[in-house]
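Spelled out, the chains give:
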Amino acid sequence: MNLDYADLDPSKVLDALDAAGLRGDGRLLQLNSYENRVYLVHLEDGGAVVAKFYRPGRWTDEQLLEEHGFARDLAAAEVPIAAPLTLCAAGAVVSGEPPTLAHWQGLRFAVAPRQGGRAPELEDPEVLEALGRFIARIHRTGRERPFQHRPHWVGRAPGDVAREAVLASGLLLPDVRERWLSVVGRCLDAVQAAFDALPDLRVQRLHGDCHPGNLLWTPGGGPHFVDLDDAVTGPAVQDLWMLLSGDAAQARGQLACLLDGYEQVLDFDPRESRLIEPLRTLRMVHHSGWIAKRWDDPAFPVAFPWFGTPNYWQDQVALLAEQLEAMADAATDAPPPVWRDEGGADFDGDGFA
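Below: a short report on this structure.

Regarding the environment of I81
Here I81 lies in the loop between α2 (61-76) and β4 (93-95). Look at I81 and you get buried, because its relative accessible area is 11%. Expressed as a C-alpha distance, the spacing of I81 and E272, which sit 191 residues apart in the sequence, is 26 Å.

Printed below as a string of structure tokens:
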């Protein structure tokens, strides 16, 4: 009998882990995640793990196993990452080589070791330089082989998918529909033009959702990532721009620090700085589509009560109009712009797990 995703509770989490060869001692804590169900579970052997139960229908098994494979590649290269553990078929069906993806009562889950840490101090130039080296190490491994099944964060395609999700949801209010569709269409045209202007752009396996919430810093040990749930194929700058903040001068200085570290490990194509605004635009449109797609989940109206209101859509129209100007400036090699958090800081929430 298959278990409904909404009915997953602590006792069933413990049963699932037991079926994969991991016996909990009864202590567990649900962690912050909108997209998946994530739990810190203490084990009878004294250890602790993080179990992630994947939202049904979001990823295929092939996509999940590619995520796991990337994490294992990084761990093999001694890049700090919470790579998934090898699981046993004690009562669950497990897949992968080695087996890292468990199927149990219609749900899929993976388990990783618990890793602690705190948020990085992004105002510190030395921290930014260290993060640049760290991300370059991820990208060096990412270049070794391509994804076959994960999404491509290249060109306008992610924005087109998000736009269709908004339209299908019925949450786009009639009085703003045409204005929103018009500005989104022009934005996505500009995004595609920015990518088309770099026909020889290098793309590779990326973290894909590299914002501060997905980074932990250990004093004396440096940074590590806790989540690869949004791993994609894309340009290197996708894993850099979300770490920028403040006004234009501050963002420019932060990017310089990141690249000082990055280029100690790997080359960086400076033309990619022109993609910061197009990538930000994609993320804004994607965020609207993500919430619209998940609106039937009771957690989403509670977490995003402003979504779908007249003010929300009017603000989106205004912000996307600003993005058109920002992308036009970026095309002429303007300095990095002001970072604006548009409420889309995390696609899936797992960065806080």
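Quick notes on the sheet that holds strand β1 (residues 24-31)
In spatial order, the strands read β1-β2-β3-β6-β5-β4; together these six strands make up an open sheet with antiparallel pairing. Only two strands of the sheet have a single neighbouring strand rather than two, namely β1 and β4. The mean angle between the axes of side-by-side strands here comes to 30°, regardless of whether they run parallel or antiparallel. Strand direction decides the pairing type here: β1 and strand β2 (residues 37-43), joined by five bridges, are antiparallel.

Some thoughts on the packing of helix α5 (residues 174-196) against helix α7 (residues 276-293)
Where α5 contacts α7, the two axes come as close as 9 Å, and the packing angle between them is 140°. Where α5 crosses over α7, the handedness of that crossing is left-handed. The residues of α7 that touch α5, namely those facing V184, C187, L188, V191, A194 and F195, are P278, L279, T281, L282 and V285. In terms of residue class, the contact of α5 with α7 is made up of ten nonpolar, one polar and no charged.

A closer look at the pattern of salt bridges
Throughout the structure, instances matching the rule amount to 27 salt bridges. With a shortest N-O distance of 3.7 Å, R118 and E121 are connected by a salt bridge. Its relative accessible area of 35% is what places R118 among the partly exposed residues. Take E121: its relative accessible area is 37%, and that puts it in the partly exposed class. Close ionic contact of R177 with E178 constitutes a salt bridge, the shortest N to O distance being 3.9 Å. Judged by its relative accessible area of 54%, E178 is exposed. Salt bridges here are not isolated pairs; linked through shared partners, they connect E35, R37, K52, R55, R58, D227, D229, D230, R294 and D297.

Cut-offs used in this document
Residues numbered from 1 in each chain as written. Predicted model: local features only at pLDDT ≥ 70, side-chain atom pairs only at ≥ 80, totals over all residues. Heavy atoms only, no water. Helix = DSSP H or I, 4+ residues; strand = E, 2+ residues; numbered from the N terminus. Buried < 20%, exposed > 50% of the residue type's maximum accessible area, 1.4 Å probe, protein only. Pairing = 2+ DSSP bridges. Axes fitted to C-alpha atoms, helices over the stretch in contact; angles between N-to-C directions. Left-handed = near helix turned anticlockwise from the far one by under 90°. Contact = heavy atoms within 4.5 Å. Nonpolar A, V, L, I, M, F, W, Y, C, P; charged D, E, K, R; others polar. Salt bridge = Lys/Arg side-chain N within 4 Å of Asp/Glu carboxyl O.

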